[in-house]
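Inside the fold
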Amino acid sequence: MERRRFSYEVLVFLLTLLLFSLTCATASSSDPTQLHDHVEQPRRNLLANGLAKTPPMGWNSWNHFSCQINENIIKETADALVSTGLSKLGYRYVNIDDCWAELNRDASGNLVAKKSTFPSGIKALADYVHRKGLKLGIYSDAGYLTCSKQMPGSLGHEFQDAKTFASWGIDYLKYDNCNNDESKPTDRYPVMTRALSMARRPIFFSLCEWGDLHPALWGAKVGNSWRTTNDINDSWESMISRADMNEVYADYARPGGWNDPDMLEVGNGGMTKNEYIVHFSLWALSKAPLLLGCDVRNMTKETVEIVTNKEVIAVNQDSLGVQGKKVRMEGDIEIWAGPLSMYRVAVILLNRGPWNISITANWDDIGIPSKSVVQARDLWEHKTLVERFQEKLTAQVDPHGCKMYVLKPVA
């Protein structure tokens, strides 16, 4: 009796498996992309471009230049990324934002670079940037017009535009969400994903959807990064609120796809040095894209010191790829922490208030075993503290300032 029951169960299993195989084959013949819904992928379904194993680093034109861009600014920025040593630190994407194209497409429906500001064309610009060992990014929109309304969007032209971008040698696409047909982003953005996958060039796909429909919940199947917030501006209130909104989605970031709280404002002049250090520290711990938004051709010494901090950049680019979180908060005191490779932990002691204050991080809050003894490396002072710490770490923190450490177990 037991043997017959076993044989019946095996037969049912085999029939089920056969039916499943036939279903997959039918889906494959009608729409190749549907098969991916039935096969376990190493995280990604629609976009398997092999990019973004760590968060992207580079520069974007919008925060400082807005629409006042031209090919000379882009070339000079590429030159500056190399001459300042920023490119060697990982800042390799040179991203053109809105306003680079003519308002009207050509007779074949192709996007055309604006003759008055980009007379050499985008392909020539990409060639120039590539010769510098850098990558060129461009901007479009999942709507009929871009946000500036000065150039056409890609809605309805996704496959044509993706092919154009690939032919020009584009490496990065920022895809905005303005002036659309009011359909859901979850309907519009995957169309460009499929278009890019058919363009036969690996192009980093940045979903600039502003957190409208919680893109962290679906962005991993569609792009390499996804905006979790509205646009940032160069102020403490804007910056810190973007960090807060982005932190909610920490569990969704990992190699291949990252939460994006918008570009860096460091060096644009609206915040103090301490506030910019907080900005850069939180973006690094949050595994956010490190896209400079200042004029890198004319950076102050203070700005250079912040954006070239190799130890903070290393936290952002750590191979473990785990986004840090806000693990404790009390009034103006916050503790942010996240694991790093080799059993290390990155910690930020953040003072959001107007007074100098003492802040303590306890091991049980930041994920270190309670009896562990650790060595603390101060990433902004660039020194390893002499004292060994057990159970907790305490420091005085300036107003609108932070301390950032990497803690390494020694016993």
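Summary of the structure given here. (Residues numbered from 1 in each chain as written. Predicted model: local features only at pLDDT ≥ 70, side-chain atom pairs only at ≥ 80, totals over all residues. Heavy atoms only, no water.)

Within the protein one finds eleven helices and 17 strands. Taken across its 411 residues, the protein has 52% of its residues classed as buried. Contacts in the protein between residues at least 24 apart in sequence constitute 71% of all its contacts with a sequence separation of at least 6. Summing over all exposed atoms, the protein offers an accessible surface of approximately 18800 Å²; the carbon and sulfur share of this is 53%. (Helix = DSSP H or I, 4+ residues; strand = E, 2+ residues; numbered from the N terminus. Buried < 20%, exposed > 50% of the residue type's maximum accessible area, 1.4 Å probe, protein only. Contact = heavy atoms within 4.5 Å. Areas by Shrake-Rupley, 256 points an atom, 1.4 Å probe, with all protein chains shown as cover.)

Looking now at the packing of aromatic side chains. For the coordinates displayed, the defined rule picks out ten aromatic pairs. Judged by centre distance (5.7 Å) and plane angle (50°), the rings of Tyr 175 and Phe 205 are tilted. Taken as a pair, Tyr 175 in strand E4 (residues 172-176) and Phe 205 in strand E5 (residues 204-207) lie far apart in primary sequence, 30 residues in all. For the pair formed by Tyr 175 and Phe 205, the shared burial category is buried. Through a chain of ring-to-ring contacts, three or more aromatic side chains come together here, namely Tyr 175, Tyr 189, Phe 205 and Trp 218. Its guanidinium or amino end placed over the ring of Tyr 128, Lys 75 lies 5.3 Å from that ring's centre, counting from NZ or CZ. (Phe/Tyr/Trp six-rings, centres within 6.5 Å; stacked < 30°, edge-to-face > 60°. Lys NZ or Arg CZ within 6 Å of the ring centre and 35° of its normal.)

This part is about the side chain of Arg 227. Inspection of the secondary structure puts Arg 227 in strand E6 (residues 225-227). Accessibility expressed as a relative area gives 1% for Arg 227, which makes it buried. One polar contact links the side chain of Arg 227 to the main-chain carbonyl oxygen of Thr 229, over a distance of 3.1 Å. Polar side-chain contacts of Arg 227 include one of 3.3 Å to the side chain of Asp 262. Discounting chain neighbours no more than four positions away, the residues touching Arg 227 are Leu 207, Cys 208, Glu 209, Trp 210, Gly 211, Pro 215, Asp 260 and Asp 262. (Polar contact = N/O pair within 3.5 Å; in protein donor to acceptor, adjacent residues only side chain to side chain.)

For the structure on display, the rule yields two disulfides. Disulfide pairing is shown between Cys 67 and Cys 99; the S-S distance is 1.7 Å. Here Cys 67 is found in the loop between helix H2 (62-65) and helix H3 (71-83), whereas its partner Cys 99 is found in the loop between strand E2 (93-95) and helix H4 (122-131), with 32 residues between them in sequence. Between the sulfur of Cys 147 and that of Cys 178 lies a disulfide, 1.9 Å long from S to S. (Disulfide = S-S within 2.5 Å.)

To continue, consider the sheet that holds E2. Within a sheet, neighbouring strands are paired by backbone hydrogen bonds and run either parallel or antiparallel to one another. Ordered by their spatial adjacency, eight strands build an open sheet running E7-E6-E5-E4-E3-E2-E1-E8, and the pairing between neighbours is parallel. At either end of the open sheet lies a strand with only one pairing partner, and these are strand E7 (258-260) and strand E8 (290-292). The sheet shows a mean angle of 25° between the axes of neighbouring strands, taken without regard to direction. Inspection of the sheet shows E2 paired to strand E3 (residues 135-141) by three bridges, in the parallel sense. Within the sheet, the bridge partner assigned to Asn 95 lies in E3 and is Gly 137. (Pairing = 2+ DSSP bridges. Axes fitted to C-alpha atoms, helices over the stretch in contact; angles between N-to-C directions.)

So, on to the pattern of salt bridges. Tallied over the full model, the rule gives 20 salt bridges. With a closest N to O distance of 2.8 Å, Arg 105 and Asp 161 form a salt bridge. Here Arg 105, found in the loop between E2 and H4, pairs with Asp 161, found in helix H5 (residues 158-168); they are 56 residues apart in sequence, far enough to count as distant. Both residues of the pair, Arg 105 and Asp 161, belong to the buried class. In this structure, Arg 227 engages Asp 231 in a salt bridge whose closest nitrogen and oxygen atoms are separated by 2.7 Å. Look at the salt bridges and you will find they share partners, linking Asp 244, Lys 326, Glu 334 and Arg 352 into a network. (Salt bridge = Lys/Arg side-chain N within 4 Å of Asp/Glu carboxyl O.)

The subject of this paragraph is the nonpolar core. Core analysis: the largest hydrophobic core is formed by 88 residues, its most contacted members being Tyr 91, Trp 100, Ile 122, Phe 205 and Phe 280. Built from parts of two domains, this core gets at least three residues from each of domain 1 (57-317) and domain 2 (325-409). (Core = buried A, V, L, I, M, F, W, Y, C linked by side-chain atoms within 4.5 Å. Domains from an automatic or database assignment.)

With that settled, consider helix H6 (residues 185-198). Compared with an ideal rise of 1.5 Å per residue, which puts 14 residues at 20 Å, H6 spans 20 Å between its outermost C-alpha atoms and is within 8% of the ideal. Considered for burial, the residues of H6 that qualify are Pro 185, Arg 188, Tyr 189, Pro 190, Val 191, Met 192, Thr 193, Ala 195 and Leu 196. With its phi angle positive at about 60°, Arg 200 sits one or two positions after the end of H6. (Expected span 1.5 Å × (residues − 1).)

Now for the side chain of Asn 351. Considering the arrangement of structural elements, one finds Asn 351 in strand E11 (residues 345-351). In this structure the side chain of Asn 351 is engaged in a polar contact, spanning 2.6 Å, whose partner is the backbone oxygen of Trp 355. Within the structure, the side chain of Asn 351 is placed 3.1 Å from the backbone oxygen of Val 397, a separation counted as a polar contact.

Considering the arrangement of structural elements, one finds Ile 96 in the loop between E2 and H4. Since its relative accessible area comes to 1%, Ile 96 is described here as buried. As a C-alpha pair, Ile 96 and Leu 173 span 77 residues in sequence and 9.3 Å in three-dimensional space. When neighbours within four sequence positions are excluded, Ile 96 is seen to be in contact with Ser 61, Ile 69, Ile 74, Phe 118, Ile 122, Leu 125, Leu 136, Gly 137, Ile 138 and Tyr 139.

A few words on the pairing of strand E16 (residues 392-397). Alternating residues of E16 divide into Leu 393, Ala 395 and Val 397, all buried, and Lys 392, Thr 394 and Gln 396, none buried. Summarising the sheet, strand E12 (residues 357-362) and E16 pair through six bridges and their orientation is antiparallel. Note that in E16 the partner of Ser 358 across the bridge is Gln 396.

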